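# Working through the structure, step by step
For reference, the chains in residue letters:
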Amino acid sequence: MTIKRIDSTPRMSRIVEHGNTIYLCGQTAKDATKDIKEQTVTTLEKVEELLEKAGSDKKHILSVTIYVRDMKDFAAMNEVWDAWVVDGYQPARACVEARMARPELLVEMSVVAAKKEA
């Protein structure tokens, strides 16, 4: 089976497709100066944009790992997540506290999804 890499740099690919499975690189907020809710909103927007580019959508997400800089933000992040996720299509999910690549980042998401059937 072939592996397709999309939007690659010397370090990584934003999207990797293997068969009918899509892997997204870790997604962070469009503006890291915002609070956890706004960072979560724009991170999820980026996830949706990449999934669409790869022929998928949020109803086809299989698994998400969410990294938060501080678990004090867990409830606020979940408010945004719960409003975004489609009822009946909740993916497997893990959420962990993690040191981020940049201190202003409050949330990062790593997504695995299935391609939509043609």
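Residues numbered from 1 in each chain as written. Predicted model: local features only at pLDDT ≥ 70, side-chain atom pairs only at ≥ 80, totals over all residues. Heavy atoms only, no water.

- In the annotation of an unreviewed UniProt entry, the entry for the protein chain reads RidA family protein, and the organism field reads Marinifilum caeruleilacunae.
- Its UniProt record gives the protein chain a comment under Sequence similarities (unreviewed entry), which states: "Belongs to the RutC family." (UniProt positions renumbered as here; feature names shortened; annotations may be inferred.)

### Notes on the overall build of the protein chain
- Regarding its fold elements, the protein chain presents 2 helices and 7 strands.
- In sequence order, the secondary structure elements of the protein chain are arranged as β-β-β-β-α-β-α-β-β.
- Taking 118 residues into account, the globule formula puts the C-alpha radius of gyration at 13 Å, and the protein chain, at 14 Å, falls close to it.
- Here the C-alpha coordinates of the protein chain stretch approximately 40 × 40 × 20 Å along the principal axes.
- Classification of the 118 residues of the protein chain by burial places 38% in the buried group.
- In the protein chain, the share of contacts with a sequence separation of at least 24, taken over all contacts with a separation of at least 6, comes to 67%. (Helix = DSSP H or I, 4+ residues; strand = E, 2+ residues; numbered from the N terminus. Rg over C-alpha atoms; globule rule 2.2 N^0.38 Å. Buried < 20%, exposed > 50% of the residue type's maximum accessible area, 1.4 Å probe, protein only. Contact = heavy atoms within 4.5 Å.)

### Focus on the pairing of strand S5 (residues 61-68)
- Where S5 and strand S7 (residues 107-114) come together, 7 bridges link them in antiparallel fashion. Its bridge partner lying in S7, Val-68 is registered against Val-107.
- Pairing of S5 with strand S6 (residues 92-97) involves 6 bridges; the strand directions are parallel. The residue bridging Tyr-67 from the neighbouring strand is Val-96, located in S6. (Pairing = 2+ DSSP bridges.)

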